[in-house]
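Here is what each chain is made of, one letter per residue.
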Amino acid sequence: MKEDSREYDAYKQLVASAEDYTDSLNQENELNIDYYLRNPVGDLSPIPYESKAVSSDCFDVVESDMPSIVRSVLGGANIMEFAANNDNDKKQVIESEQKTKLVNRLILGQDWSFKVMFDWLKAAEVYNCAMVTYYPEDTEKREIIEYSGITQIELKAVLDAFEESDGVERVEVMGDDEGDSVDVSLHVYRKSRNYVIEYIHPDNMLLTRGGPTIDDLDLVGHKSRVSKGDLIGLSFDKEIVEALTGGNDNYSQQSGSGESRNIQDIQMNAVNGDTNNEVEPEWYMEKVDLVTAVVRFAVKNGNVQRRRIMSVNQTVLSDEPFDHVNYATLSAYPMPGQVVGLSRVGITREAQRQKTMVQRGMYNNIAAVNKPMTAINIADGAVNSDDLV
């Protein structure tokens, strides 16, 4: 994508629009997390010298929901099943069984599966919209094998065996390999592909308005804080990556919610976590805000083309055709014709506010009865304090 093209201008406008929309959603989400955590802020701010009690309705509703939700979705049953079109066709039956096992293994059977799925389900209870993304991830693992006193013929046979082995990317011979008998170590690199599901925090979501499904949105994506070294590991040009600066504030001059707090900061403060722990790093460890988005563009013949774009600030790092939206959203109460719905916390907030007022009034009255105080007007000698005593 050329930076002076109409597509680039359209992409910038879509990112700005998505940031503005998600910022407006997060103003509501900030209220939700405050109510869930019983933070005495906003409508729950106490009057000085009076009760600071906060009712726990939102917390109670979410926590009472979660056991049954987790049991239903993450329990022992398959999360998805495939069925053969023809039960008499043995090949189709075997294929459907294999697909069922594979999908359940990818979604529920990996090390991170429970935590990611739990976060997604619980976020839908607290926030108006919860999001995950899924993608293939290629990893390279190195195995070091040492040989002592191996002959050249034996070494060649070992190298030939590795070349014919599936999954071996390359083999590097380290050490002195000259002479009839040598001591060497072989660095064997194997490449594998895993499929990852990643939870996207509401602070990092990017959505444009629209619906009724996520496939109908002009832009769906997320922001992530990554190091420049990670970008180089993704095969981006080193000179371009080294020149990158800062985040994506330049996309929208008006994005953000002013004095609004960050949702992740609110969560970290709830567990006494430090939200400002960055140190001055080397250039390759510097963090930048990476935008990854699936965008719909109209092409000349009137059709719609999807493209997956990765960018930092005003710099587009990659732009490639993409066949689908690799994101999924979830809301506790879906709204007709919209991707974003309502949350359990959102519809419980008013009840919690009212019960908080009742609780505080009750505790204030109890305190006044248990520890009564007498007030007198001593201005202009209206009451003689000596006579009162």
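Residues numbered from 1 in each chain as written. Predicted model: local features only at pLDDT ≥ 70, side-chain atom pairs only at ≥ 80, totals over all residues. Heavy atoms only, no water.

Caption draft 1: Layout of the overall build of the chain. Helix and strand counts for the chain stand at 10 helices and nine strands. Going through the 389 residues of the chain one by one, you find that 34% of them count as buried. Taking the intrachain contacts of the chain between residues at least 6 apart in sequence as the baseline, contacts between residues at least 24 apart amount to 70%. When the accessible surface of the chain is summed, it comes to about 24000 Å², and 49% of that surface belongs to carbon and sulfur atoms. (Helix = DSSP H or I, 4+ residues; strand = E, 2+ residues; numbered from the N terminus. Buried < 20%, exposed > 50% of the residue type's maximum accessible area, 1.4 Å probe, protein only. Contact = heavy atoms within 4.5 Å. Areas by Shrake-Rupley, 256 points an atom, 1.4 Å probe, with all protein chains shown as cover.)

Caption draft 2: Spotlight on the sheet that holds strand β3 (residues 181-200). In space, the four strands of this open sheet follow the order β2-β3-β1-β9, with antiparallel pairing throughout. Of all strands in the sheet, those with a lone pairing partner are β2 (168-176) and β9 (327-330), marking the two edges. Geometrically, the sheet is characterised by an average inter-axis angle of 30 degrees between neighbouring strands, direction not taken into account. In terms of strand pairing, strand β1 (residues 130-151) meets β9 through four bridges, oriented antiparallel. From the neighbouring strand, Val 132 faces β9, where its bridge partner is Ala 328. Sitting on the sheet, helix α4 (residues 113-126) touches β1, β3 and β9, and the angle it makes with β3 is about 20 degrees. Across the sheet, helix α5 (residues 152-164) lies against β1, β2 and β3, angled at about 165 degrees from β1, the strand it touches most. (Pairing = 2+ DSSP bridges. Axes fitted to C-alpha atoms, helices over the stretch in contact; angles between N-to-C directions.)

Caption draft 3: Spotlight on a nonpolar patch on the surface. Taken together, the side chains of Ile 79, Met 80 and Phe 82 define a hydrophobic patch exposed on the protein surface, amounting to about 230 Å² of accessible area. For Ile 79, the location among the structural elements is in the loop between α2 (57-74) and α3 (90-108). On the basis of relative accessible area, Ile 79 is assigned to the partly exposed category, the value being 32%. (Patch = residues over 30% accessible without salt bridge, like charges linked within 9 Å, V, L, I, M, F, W, Y side chains within 5 Å. Salt bridge = Lys/Arg side-chain N within 4 Å of Asp/Glu carboxyl O.)

Caption draft 4: Focus on the packing of α2 against helix α9 (residues 344-370). Orientation of α2 relative to α9, taken along the N-to-C sense of each, is 140 degrees, at an axis distance of 7 Å. When the axes of α2 and α9 are compared, the pair comes out oblique. Facing α2, whose interface residues are Asp 57, Cys 58, Val 61, Val 62 and Asp 65, α9 presents Arg 344, Val 345, Thr 348, Arg 349, Gln 352 and Lys 355. Looking at the contact of α2 with α9, its residues break down into four nonpolar, two polar and five charged. (Parallel < 35°, antiparallel > 145°, perpendicular 65-115°, else oblique. Nonpolar A, V, L, I, M, F, W, Y, C, P; charged D, E, K, R; others polar.)

Caption draft 5: Inspection of the pattern of salt bridges at higher detail. Per the counting criterion, the structure on display carries 17 salt bridges. Between Asp 65 and Arg 344 there is a salt bridge, with the nearest N and O atoms lying 2.6 Å from each other. On the criterion of sequence distance, the pair formed by Asp 65 in helix α2 and Arg 344 in helix α9 is long-range, its members being 279 residues apart. For Asp 65, a relative accessible area of 15% puts it in the buried group. Between Asp 218 and Arg 296 there is a salt bridge, and its shortest N-O distance comes to 3.3 Å. Remark: Arg 296 occurs in strand β6 (residues 287-298) and Asp 218 occurs in the loop between β4 (205-207) and β5 (219-227); sequence separation between them is 78 residues. The class of Asp 218 is partly exposed, set by a relative accessible area of 34%.

Caption draft 6: Region of interest: the sheet that holds β4. If you walk across this open sheet you meet the five strands as β4-β5-β6-β7-β8, and the pairing is antiparallel. The two strands at the open ends of the sheet, each matched to only one other strand, are β4 and β8 (315-321). Recorded for the sheet is a direction-independent mean angle of 20 degrees between the axes of neighbouring strands. As paired strands, β5 and β6 are joined by nine bridges and run antiparallel to one another. Bridged to His 222 within β6 is Thr 292. Packing of helix α1 (residues 6-36) onto the sheet brings it into contact with β4, β5, β6, β7 (304-312) and β8, and relative to β4 it is tilted by some 115 degrees.

Caption draft 7: Inspection of the packing of α1 against α9 at higher detail. Interaxial distance between α1 and α9 falls to 10 Å at its minimum, and their mutual angle equals 55 degrees. Judged on the interaxial angle alone, α9 and α1 are oblique. Like other packed secondary-structure pairs, α1 and α9 cross with a definite hand, here left-handed. Across the interface between the two elements, Glu 28, Leu 31, Asn 32, Tyr 35 and Tyr 36 from α1 touch Val 345, Gly 346, Arg 349, Gln 352 and Arg 353 from α9. Per-class residue counts for the contact of α1 with α9 are four nonpolar, three polar and three charged. (Left-handed = near helix turned anticlockwise from the far one by under 90°.)

Caption draft 8: Region of interest: unusual backbone geometry. Each neighbour pair has its own omega, and for Gly 211 with Pro 212 the value is 10 degrees, a cis peptide bond. With respect to the helices and strands, Pro 212 occurs in the loop between β4 and β5. Positive phi outside glycine occurs at Tyr 49, with the angle close to 70 degrees.

In short, shape yes, function no, at least from these values alone.
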